[in-house]
2 protein chains.
Amino acid sequence: MLNLFEKSDLIPAIIQDANTNEVVMLGYMNEASLKLTLETGRTWFYSRSRQQLWNKGETSGHFQNVKSIYYDCDADTLLIKAEQIGNACHTGEFSCFHNKLYESGE
Amino acid sequence: MLNLFEKSDLIPAIIQDANTNEVVMLGYMNEASLKLTLETGRTWFYSRSRQQLWNKGETSGHFQNVKSIYYDCDADTLLIKAEQIGNACHTGEFSCFHNKLYESGE
């Protein structure tokens, strides 16, 4: 059987908004958080700093309703398409990726 | 000055095709590979298994021409929009995320 956690207990999960196709965040999942995600239809992650499971939107109400989950050819990364309620970022931006490092032609 | 490699020598870089907005792969970058990416306008990664820098497309010709680079609110993940030449995946699929784990309503 497929074991996504064979190489590592934690794997990155890319969250892409299903409506806009915007990549809104990357979180880490362990087996327990993936199981909770599949059971509840909302994203659960494992916080490396707090060392605990967390349900995205739990405090903010900005849940992510999961539409699909794909894994990559190495089976060590997840791509989750979800309906982002409100904003993904705690700063109030829709996406956590709002800081520009480089843009071609600038 | 911003140090993306303060917490870790390697950070994940999400590659999103600039034309289709499809997420095509996730690779890891260290400071040297990010520098090469910025200098050449094509993606360079650090291979954790081979423990060396690699230029995506070097052998296949399937280069990724970088359009923009953003970092997230934690400054520990990159989102790179690039023009994907050919296919991102070594299997011949356009995206490395072609294996379905879950789809809502199925």
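Note on numbering: residues in each chain are counted from 1, in written sequence order. Following the order in which they are written, the chains are lettered starting with A and the ligands numbered starting with 1. Under the rules for a predicted model, residues below a pLDDT of 70 receive no local features and side-chain atom pairs below 80 are neither given nor counted, while totals for whole chains, interfaces and linings still include all residues. Just so you know, side-chain values use all the structure's heavy atoms and leave hydrogens and water out.

1. Quick look at the pairing of strand S4 (residues 52-55) of chain A
Remember that side chains alternate between the two faces of the sheet whenever the strand is regular.
Residue and element names in this part refer to chain A.
Then, in step 1: As judged from the four bridges shared by strand S3 (residues 44-47) and S4, these two strands associate in the antiparallel manner. If you follow Phe45 over to S4, its bridge partner there is Trp54.
Then, in step 2: Paired strands, in this sense, are two strands between which DSSP finds at least two bridges. In this description a helix means any DSSP run of H or I spanning at least four residues, a strand means any run of E spanning at least two, and both kinds are numbered starting from the N terminus. Counted along the chain from S3 to the antiparallel partner S4, the turn is four residues long, and its residue Gln51 has a positive phi close to 50°.

2. Some details on the pattern of salt bridges
Then, in step 1: By definition here, a salt bridge exists when the distance from a side-chain nitrogen of Lys or Arg to a carboxyl oxygen of Asp or Glu is within 4 Å. What the rule picks out here adds up to eight salt bridges over all chains.
Then, in step 2: Linking Lys7 of chain A and Asp76 of chain A is a salt bridge whose minimum nitrogen-to-oxygen distance equals 3.1 Å. On the criterion of sequence distance, the pair formed by Lys7 of chain A in the segment before strand S1 (11-17) and Asp76 of chain A in the loop between strand S5 (64-71) and strand S6 (78-84) is long-range, its members being 69 residues apart.
Then, in step 3: Think of it in three bands: with a 1.4 Å probe and only protein chains considered, a residue is buried below 20% of the maximum accessible area for its type, exposed above 50%, and partly exposed in between. Taking the relative accessible area as the measure of exposure, Lys7 of chain A reaches 60% and is therefore exposed.
Then, in step 4: Its relative accessible area of 11% is what places Asp76 of chain A among the buried residues.
Then, in step 5: Salt bridges sharing partners connect three or more residues here, namely Lys7 and Asp76 of chain A together with Arg48 of chain B.

3. Things to note about helix H1 (residues 31-40) of chain A
Then, in step 1: Regarding H1 of chain A, the residues found buried are Ser33, Leu34 and Thr37 of chain A. Along the axis of H1 of chain A, the buried positions cluster into a sector of 100°, meaning they face one direction only. Facing away from the buried side of H1 of chain A by more than 90 degrees, the exposed set consists of Glu31, Lys35 and Glu39 of chain A.
Then, in step 2: The contact definition used throughout considers only heavy atoms, calling two residues in contact when any of these lie within 4.5 Å. If you follow the buried residues of H1 of chain A, they end up packed against strand S2 (23-29), S3, S4, S5 and S6 of chain A together with strand S7 (99-103) of chain B.
Then, in step 3: Just downstream of H1 of chain A, Gly41 of chain A is the residue with a positive phi angle, here 75°. In this description, one arc is meant: the one made by directions from the helix axis to the C-beta atoms.

4. Here we look at the relation of the copies chain B and chain A
Then, in step 1: Least-squares superposition aligns the copies on the C-alpha atoms of those residues with pLDDT at or above 70 in both. The two copies are related by a screw motion: chain B maps onto chain A through a turn of 180° and a shift of 0.0 Å along the axis, at an RMSD of 0.0 Å. Such a combination of turn and shift is consistent with a two-fold rotation axis. No C-alpha of chain B lies nearer the rotation axis than that of Asn21 of chain B, which sits 3.2 Å from it.
Then, in step 2: Most of the interface of chain B is mirrored in chain A: 100% of its interface residues are interface residues there too.

5. Quick notes on the sheet that holds strand S7 (residues 99-103) of chain A
Then, in step 1: Pairing is mixed in the open sheet, where five strands are placed in the order S7(A)-S5(B)-S6(B)-S1(B)-S2(B). Two strands in the sheet have a free side with no partner beyond their single neighbour: S7 of chain A together with strand S2 (23-29) of chain B. Here the strands of the sheet are splayed against their neighbours by 25° on average, with no regard to which way each runs.
Then, in step 2: Where strand S1 (residues 11-17) of chain B and strand S6 (residues 78-84) of chain B come together, five bridges link them in parallel fashion. Across the sheet, Ile14 of chain B pairs through a bridge with Leu79 of chain B, a residue of S6 of chain B.
Then, in step 3: Across the sheet, helix H1 (residues 31-40) of chain B lies against S7 of chain A together with S2, strand S5 (64-71) and S6 of chain B, angled at about 125° from S2 of chain B, the strand it touches most. Here an angle of 0 to 180 degrees is reported between the N-to-C directions of two axes, which are lines fitted to C-alpha atoms, with helices fitted over the stretch in contact.

6. Observations concerning the layout of surface pockets
It is the rolling of a water-molecule-sized probe over the atoms that shows where space remains empty.
Then, in step 1: Definitions used for this entry: grid spacing 1 Å over protein atoms alone; cavity, a set of points where a 1.4 Å probe fits but cannot get out; pocket, an open set with protein on both sides within 12 Å along at least 5 of 7 lines; lining residue, one with an atom within 4 Å of a point. Grid points are joined across faces, edges and corners, and a volume is the space filled by probe spheres set on the points. In this structure, the largest pocket encloses a volume near 1,100 Å³.
Then, in step 2: For the largest pocket, the lining is made up of 41 residues, of which Leu26, Gly27, Tyr28 and Trp54 of chain A together with Asp74 of chain B are closest to its centre.
Then, in step 3: Breaking the lining of the largest pocket down by element, the ones donating at least two residues are S1, S2, S3 and S4 of chain A together with S1 of chain B.
Then, in step 4: The element that contributes the greatest number of residues to the lining of the largest pocket is S2 of chain A, accounting for four residues.
Then, in step 5: Here the second largest pocket defines a volume of roughly 710 Å³.
Then, in step 6: Residue lining of the second largest pocket: 30 residues in total, with Asp74 of chain A together with Met25, Arg50, Trp54 and Lys56 of chain B positioned closest to the centre.
Then, in step 7: Elements that contribute at least two residues to the lining of the second largest pocket include exactly S2, strand S3 (44-47) and strand S4 (52-55) of chain B.
Then, in step 8: Three classes are used, and their members are as follows: Ala, Val, Leu, Ile, Met, Phe, Trp, Tyr, Cys and Pro are nonpolar, Asp, Glu, Lys and Arg are charged, and the others, Gly among them, are polar. Here the lining of the second largest pocket is composed, by residue class, of 10 nonpolar, 12 polar and eight charged.

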